[in-house]
Amino acid sequence: MRRASLVLALGLAACTSELPKGTTSFTLGHTTVRVDSTLDLVGLVFRLSDTSDIPTLGPLQKWNVALGTERNDSAFALARALGPTPVGPVLEAYASPGVPDSACGWIAPGVHRCFTGNGAQQRALDRFIRAARAFAPRAAPLTFEGMNAEARQQDLSDVYVALADSKAPDSLLAAYSGYAGTTYDIVLARTFWTRQLSPSVDPVSWSHALGDRIFLTPDPSWPDRSYRSPSFLWLSAGHGMAHAIVRRLFAEHPEILERTVQLRPTVEAAMARAGYAPIFWDEALGEQLARAITIHALLTAKPTLAWPIRTEAMGANMALVPYLEDALAKYDQNRAKYPTLSDFAGELTAAIAAIPIDSCRAATSPDVALVGVSRDRAVVGWIGDHSPFKARGLLVGDTVLAIDGDSVSAGGLMVPTRQLYLDFSQHLPAELATLSIRRGGRVYGIEVPINWGPRAVTRVASQSREAVEPICTWVQRAIRQ
């Protein structure tokens, strides 16, 4: 009876845009959306631990003033101890405390590797989460604008209105992929917005610790109004759902990755510049395929939303997206033959393998994967056969202390399984790339000259092959001939 009453109340809410008072979650179709007051507080502590990055206007400044003397709680010190950290690892630790951080994927033809992140950083994250949870009773009497139950319910109501559309993203993507019955668990991470290492469409990288959960973070440009924008919700939630579809497709047909991994070096630099770790082909192809699927699913239902995704992909130089769109067009035209994306896996694999490759003038690929083992140390997890560092004696298992004289933690990249990508594109010819390593208790320096020459790159779909060898589009520094 109670369930029937709730269903009736939700039905009325669709007309009034207001959810019943006290609602903390709702389910529409195959999607459950919820708010979490404890998660809000964890995000608040995480964001306010560093007062040097608080703007003079907006909710952060008001929260900072409201904290007053409560800032001396140990939770803030533990948050600062994490160092520069993207929001993804924090959300993963909150979702699955104590779960070791690991990632697996394809790196090169015949090379599939698994990396495990450092236990020290994982334990530091767990300590912070526990302390932030324990801070909740002390924070309860404080007044944080936008952090009360009414504000949470308003955000939930705004999301409900956007997703109550007859062409909601879950039903639209289910119909497009043929994966009926896929469920989604969306949590509004209301206080987790940041400018650190967050690609605009995909601010929280997926990991096994997250499972099928989607943390919907606000846009950092307008965090207090993000959930009021149906377009933002459609793009963000739909993109996360598209990633779930891609993960299922890869799980059912790993040959898609295995037979096309030779393309990874052709997009690695562009993916790194867009904020993604390009070591794994799974992530590089998965991100671009998720965008292509989202575009095609939206073209018929909400074409005005498809264009922003397409435009952003072009701006980020995600060169595979146009070719993936062409392949999906064949899928669209033959749905009787291909009821699901899994049925189309063979044709999709062939289309990806046939993507044309050009040669451009650039620095050679470093072909090295570094995995974080602490805030200021990394370990060499993989070295390619053609890596210039291999010829200079670098070994898998070497501890890297510095890169070009800078700490490996510069930029906050060295967190569990966020592989640091060595990018030579910012070096001029004849410059030296240097690594300071420790092996057997001794510290060594390894220097590699930057040699420029032909480098494979995915052909830009809108351009024909030039008669002369071009400079790679992702090389920004001026080159003097």
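Everything numeric in this text was worked out from a predicted model, so none of it was measured.

A. Representation of the overall build of the protein chain. Helices and strands together make up the secondary structure of the protein chain, namely 17 helices and 15 strands. Here the protein chain holds 481 residues, and 52% of them are scored as buried. A sequence separation of at least 24 residues applies to 74% of the contacts in the protein chain between residues at least 6 apart. Approximately 21400 Å² of the protein chain is accessible, and the part contributed by carbon and sulfur atoms is 54%.

B. Focus on the pattern of salt bridges. Under the counting rule described, the total for this entry stands at 15 salt bridges. Notably, a salt bridge pairs Glu-252 with Arg-248, separated by 3.0 Å at the nearest N-O pair. Here Glu-252 and its partner Arg-248 are both found in helix H10 (residues 230-252), four residues apart, which amounts to about one turn of the helix. Owing to a relative accessible area of 39%, Glu-252 belongs among the partly exposed residues under this scheme. Between Arg-264 and Glu-268 there is a salt bridge, with its nearest N and O atoms 3.0 Å apart.

C. Fine view of the sheet that holds strand S1 (residues 25-28). A sheet is described by the order of its strands in space; here four strands give the open sequence S1-S2-S5-S6, paired in mixed fashion. The open sheet has two edge strands, S1 and strand S6 (213-216), and neither has a second partner. Going from strand to strand, the sheet's axes swing by 20 degrees on average, the running direction of each strand aside. With four bridges joining them, strand S2 (residues 31-34) and strand S5 (residues 184-188) adopt parallel strand pairing. When the bridges of S5 are listed, Thr-31 appears paired with Tyr-184. Along the sheet, H10 makes contact with S2, S5 and S6, crossing S6 at roughly 155 degrees.

D. Seen up close, unusual backbone geometry. Of note, the phi angle at Asp-367 is positive, near 50 degrees, even though the residue is not glycine. Assessed through its relative accessible area of 15%, Asp-367 is described here as buried.

E. Main features of the side chain of Asp-126. With respect to the secondary-structure elements, Asp-126 resides in helix H6 (residues 119-134). An unpaired buried charge is present at Asp-126: no salt bridge exists, and Arg-130, the closest side chain of opposite charge, is 5.2 Å distant. Setting aside chain neighbours within four positions, we find Asp-126 in contact with Ala-93, Pro-97 and Gly-98.

F. Region of interest: the nonpolar core. The biggest cluster of nonpolar side chains holds 69 residues, and the ones touching the most others in it are Leu-188, Trp-281, Leu-285, Ile-293, Leu-348 and Ile-352. The residues contacting Ile-352, other than those within four sequence positions of it, are Ile-256, Thr-260, Leu-263, Trp-281, Leu-285 and Leu-324. Counting 36 residues, the second largest nonpolar core, distinct from the first, contains Leu-44, Ala-132, Phe-144 and Ala-189.

G. Fine view of the packing of helix H8 (residues 149-163) against H10. The geometry of H8 relative to H10 is characterised by a closest axis approach of 9 Å and an angle of 75 degrees between their N-to-C directions. Judged by the angle between their axes, H8 and H10 are roughly perpendicular. Residues Asp-158, Val-159 and Ala-162 of H8 form the contact with H10, whose participating residues are Pro-230, Leu-233 and Trp-234.

H. Expanded view of the packing of aromatic side chains. Scanning the model with the defined rule gives seven aromatic pairs in all. Between Phe-26 and Tyr-160, the ring centres sit 5.0 Å apart and the planes meet at 90 degrees, which makes this aromatic pair edge-to-face. Note that Phe-26 is positioned in strand S1 and Tyr-160 in helix H8, a separation of 134 residues in sequence. The exposure class of Phe-26 is buried, given its relative accessible area of 2%. Centroid distance Phe-46 to Phe-128: 6.2 Å. Interplanar angle 50 degrees. Geometry classified as tilted.

I. Molecular detail of the packing of H10 against helix H14 (residues 303-315). In contact at an axis separation of 11 Å, H10 and H14 are set at 60 degrees when each is read in the N-to-C sense. Judged by the angle between their axes, H10 and H14 are oblique. Note that H10 runs across H14; the crossing there is right-handed. Contact residues: Ser-231, Trp-234 and Leu-235 in H10; Leu-305, Pro-308 and Ile-309 in H14. When the residues that make up the contact of H10 with H14 are grouped by side-chain class, the tally is five nonpolar, one polar and no charged.

J. Highlighting H6. With 16 residues, H6 ought to run about 22 Å at 1.5 Å a step, and its terminal C-alpha atoms sit 23 Å apart, in line with that. In this fold, the buried residues of H6 make contact with helix H2 (37-48), helix H4 (74-81), helix H5 (87-95) and helix H7 (136-139).

K. Main features of the confidence of the model for the protein chain. Here the protein chain averages 79 in pLDDT, while 82% of its residues score no lower than 70. Per-residue pLDDT, averaged within each element of the protein chain, yields its smallest value for helix H1 (residues 2-16) (39) and its largest for helix H16 (residues 345-353) (97). Note on residues 476-481: pLDDT under 50 across the span, and 12 contacts to partners over four residues away in sequence or across chains.

L. Up close: H4. Within H4, burial applies to Ala-75, Phe-76 and Ala-79. One side of H4 holds all its buried residues, which, seen down the axis, span an arc of 100 degrees. Buried residues belonging to H4 abut H2, helix H3 (59-67) and H6. Taking the backbone nitrogen of Ala-75 as reference, a side-chain oxygen 2.9 Å away marks Asp-73 as the first, capping residue of H4. Taken from the residues just after H4, Gly-83 is the one with a positive phi, measuring 75 degrees.

Thresholds, definitions, all that
Residues numbered from 1 in each chain as written. Predicted model: local features only at pLDDT ≥ 70, side-chain atom pairs only at ≥ 80, totals over all residues. Heavy atoms only, no water. Helix = DSSP H or I, 4+ residues; strand = E, 2+ residues; numbered from the N terminus. Buried < 20%, exposed > 50% of the residue type's maximum accessible area, 1.4 Å probe, protein only. Contact = heavy atoms within 4.5 Å. Areas by Shrake-Rupley, 256 points an atom, 1.4 Å probe, with all protein chains shown as cover. Salt bridge = Lys/Arg side-chain N within 4 Å of Asp/Glu carboxyl O. Pairing = 2+ DSSP bridges. Axes fitted to C-alpha atoms, helices over the stretch in contact; angles between N-to-C directions. Lys, Arg positive; Asp, Glu negative; His and termini not counted. Core = buried A, V, L, I, M, F, W, Y, C linked by side-chain atoms within 4.5 Å. Parallel < 35°, antiparallel > 145°, perpendicular 65-115°, else oblique. Phe/Tyr/Trp six-rings, centres within 6.5 Å; stacked < 30°, edge-to-face > 60°. Left-handed = near helix turned anticlockwise from the far one by under 90°. Nonpolar A, V, L, I, M, F, W, Y, C, P; charged D, E, K, R; others polar. Expected span 1.5 Å × (residues − 1). pLDDT = per-residue confidence, 0-100. Arc of directions from axis to C-beta. Polar contact = N/O pair within 3.5 Å; in protein donor to acceptor, adjacent residues only side chain to side chain.

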